[in-house]
There are 2 protein chains.
Amino acid sequence: MTSTKTEYIACLIVIGNEILSGRTRDANLQYLAGRLNGWGVQLREARVIPDIEQTIVDTVNHCRQAFDYVFTTGGIGPTHDDITAASVAKAFGVGLVKDPKSFALMAARYETPEEFNESRRKMCFIPEGAVPVENSVSVAPGFQIDNVFVLAGVPSIMRAMVDTLQNRLVGGAPVKSRSIGCHLPEGAVAGGLADIQGRWPDIDIGSYPFYREGKFGTSLVLRGTDEAALDATCSAVEAMVIRLGGVPMPEED
Amino acid sequence: MTSTKTEYIACLIVIGNEILSGRTRDANLQYLAGRLNGWGVQLREARVIPDIEQTIVDTVNHCRQAFDYVFTTGGIGPTHDDITAASVAKAFGVGLVKDPKSFALMAARYETPEEFNESRRKMCFIPEGAVPVENSVSVAPGFQIDNVFVLAGVPSIMRAMVDTLQNRLVGGAPVKSRSIGCHLPEGAVAGGLADIQGRWPDIDIGSYPFYREGKFGTSLVLRGTDEAALDATCSAVEAMVIRLGGVPMPEED
């Protein structure tokens, strides 16, 4: 089977009242985005939603139709506010079933029935038809059901889970980027930059003001899958910076 | 006119390819959420979307119906990728008009026509019927149109804009919170916590594992508008922690 599909897009659903209340600052979007870039999948949208079952069901059902891949983070722990697995099962219209491997691992870790209590047992239940997503940090699994990947919210566990997924994702060409800094204000480069964007429409050109070491400036970031087009755009941006009296400085992407 | 409405909900739309590519980590959600908490408005959802006109139009039009207030950040600078003002105007079916005050301020700052170029002039145009949102950091304004507040993406400017908005927002009772830490794992407190949540359904109880100073533990966060109920729930949580052999530690909310 061959496919002419070249663009693969993903959505991240961050589940957790603690993000929306401002208590906790999300740390997972950035990590996932970077990994997906390397695998040729573009993170096209992210949503932060509360621990409300109907909201999770509706959001998952909308996003799994609209995107090639959906990732969720948060809500798979043992407490009453961890309702992601049950909500995703409901979104797919299936029940929760015990994952025997996780159950055995956890049963070995917690010796007494008091320790291996109902709350901890809950973490071994995944939707019918789902495949566990294991990780090197915790015995409790995430899971994949169809194109939806349900991951932990704790960043160290989330990252370990993401790192196992490369072989489960089909992507396109990896997105490469170049970044050029200069001590010119955005308002000075805007006109020339628009011209360059017009000449290379397949390169995504972003402009971001910065204040570093006591100086204002602008970072010009070029992103795309075609290395030759990236190089040509990069040269044009550097020439523009020099023409405007600035000094182009290569930056980390 | 009186209103029986007690809950006011908001959505944040973060606009910017640089967030979705992982280049930049959003810093605005947390600030907005904290301010809104104090004004009795709950941030109920956030969406991160790319610099694509139709996506901005559709997202703004969906969210302004679904939430009392919508805030956007990003995309109001001078460059070609700054398309938020034009997209929001399109969402409302209106044109862009010059804001005379911003135009005069900016004209005074940039003396020559070369400096006060087309790209910078663009920043003084806001949708017809919108009211500018000024700030103490930059002469370029954000704006409010109906229940949509369009703010800068640069955190220092975004914060200065948010700080001017208190008098434009009607809110309910401010949400208060209490946080109790303990060196017990989530799996140990889960059962007792679910019982407490059942007794005080109007208090939102969250449980978050932590690793600090070489020790694992759990933060139990209680949120609600009723101080007496918060105090009662807090006492119940502290008693549970002691019953399980832990030491309840008050934490910063």
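Residues numbered from 1 in each chain as written. Chains lettered and ligands numbered in written order. Predicted model: local features only at pLDDT ≥ 70, side-chain atom pairs only at ≥ 80, totals over all residues. Heavy atoms only, no water.

Draft legend 1. Structural view of the overall build of chain A. On a plain count of helices and strands, chain A comes out with nine helices and 12 strands. Taking the principal axes of the C-alpha coordinates as reference, chain A spans close to 75 × 50 × 30 Å. Counting all 253 residues of chain A, 54% fall into the buried class. With 23 positive and 31 negative side-chain charges, chain A shows a spacing of 1 Å between the two charge centroids. (Helix = DSSP H or I, 4+ residues; strand = E, 2+ residues; numbered from the N terminus. Buried < 20%, exposed > 50% of the residue type's maximum accessible area, 1.4 Å probe, protein only. Lys, Arg positive; Asp, Glu negative; His and termini not counted. Charge placed at Lys NZ, Arg CZ, Asp CG, Glu CD.)

Draft legend 2. Structural view of the packing of helix H8 (residues 186-199) of chain B against helix H9 (residues 227-243) of chain B. Residue and element names in this part refer to chain B. Where H8 meets H9, the axes come as close as 10 Å, and the angle between the chain directions of the two elements is 155 degrees. The angle between H8 and H9 places the two elements in the roughly antiparallel class. In the crossing of H8 with H9, the sense of the turn from one axis to the other is right-handed. In contact with Val189, Gly192, Leu193 and Ile196 of H8, H9 contributes Thr233, Ala236, Val237 and Met240. Broken down by class, the residue content of the contact of H8 with H9 amounts to six nonpolar, two polar and no charged. (Axes fitted to C-alpha atoms, helices over the stretch in contact; angles between N-to-C directions. Parallel < 35°, antiparallel > 145°, perpendicular 65-115°, else oblique. Left-handed = near helix turned anticlockwise from the far one by under 90°. Contact = heavy atoms within 4.5 Å. Nonpolar A, V, L, I, M, F, W, Y, C, P; charged D, E, K, R; others polar.)

Draft legend 3. Region of interest: the relation of the copies chain A and chain B. Under the fitted operation, chain A is carried onto chain B by 0.0 Å of movement along the axis and a turn of 180 degrees, and the coordinates agree to an RMSD of 0.0 Å. Expressed as a symmetry operation, the mapping of one chain copy onto the other fits a two-fold axis. Using C-alpha coordinates, one finds that chain A approaches the rotation axis most closely at A:Arg47, a distance of 2.2 Å. Most of the interface of chain A is mirrored in chain B, where 100% of its interface residues again form contacts. (Least-squares fit on C-alpha atoms with pLDDT ≥ 70 in both.)

Draft legend 4. Fine view of the packing of helix H3 (residues 53-66) of chain A against helix H4 (residues 84-92) of chain A. Residues and elements named next belong to chain A. Where H3 meets H4, the axes come as close as 8 Å, and the angle between the chain directions of the two elements is 55 degrees. The angle between H3 and H4 falls in the class oblique. In this structure, the crossing between H3 and H4 has a hand that is right-handed. Between H3 and H4, the residues in contact are Glu53, Ile56, Val57, Val60, Asn61 and Arg64 and Ser87, Val88, Lys90, Ala91 and Phe92, respectively. Classifying every residue of the contact of H3 with H4 gives six nonpolar, two polar and three charged.

Draft legend 5. Quick peek at the nonpolar core. Core analysis: the largest hydrophobic core is formed by 99 residues, its most contacted members being A:Phe71 and B:Phe71. Excluding residues that lie within four positions of it along the chain, B:Phe71 makes contacts with B:Ala10, B:Cys11, B:Leu12, B:Ile13, B:Leu32, B:Leu36, B:Phe149, B:Leu151, B:Leu165 and B:Leu169. (Core = buried A, V, L, I, M, F, W, Y, C linked by side-chain atoms within 4.5 Å.)

In short, shape yes, function no, at least from these values alone.
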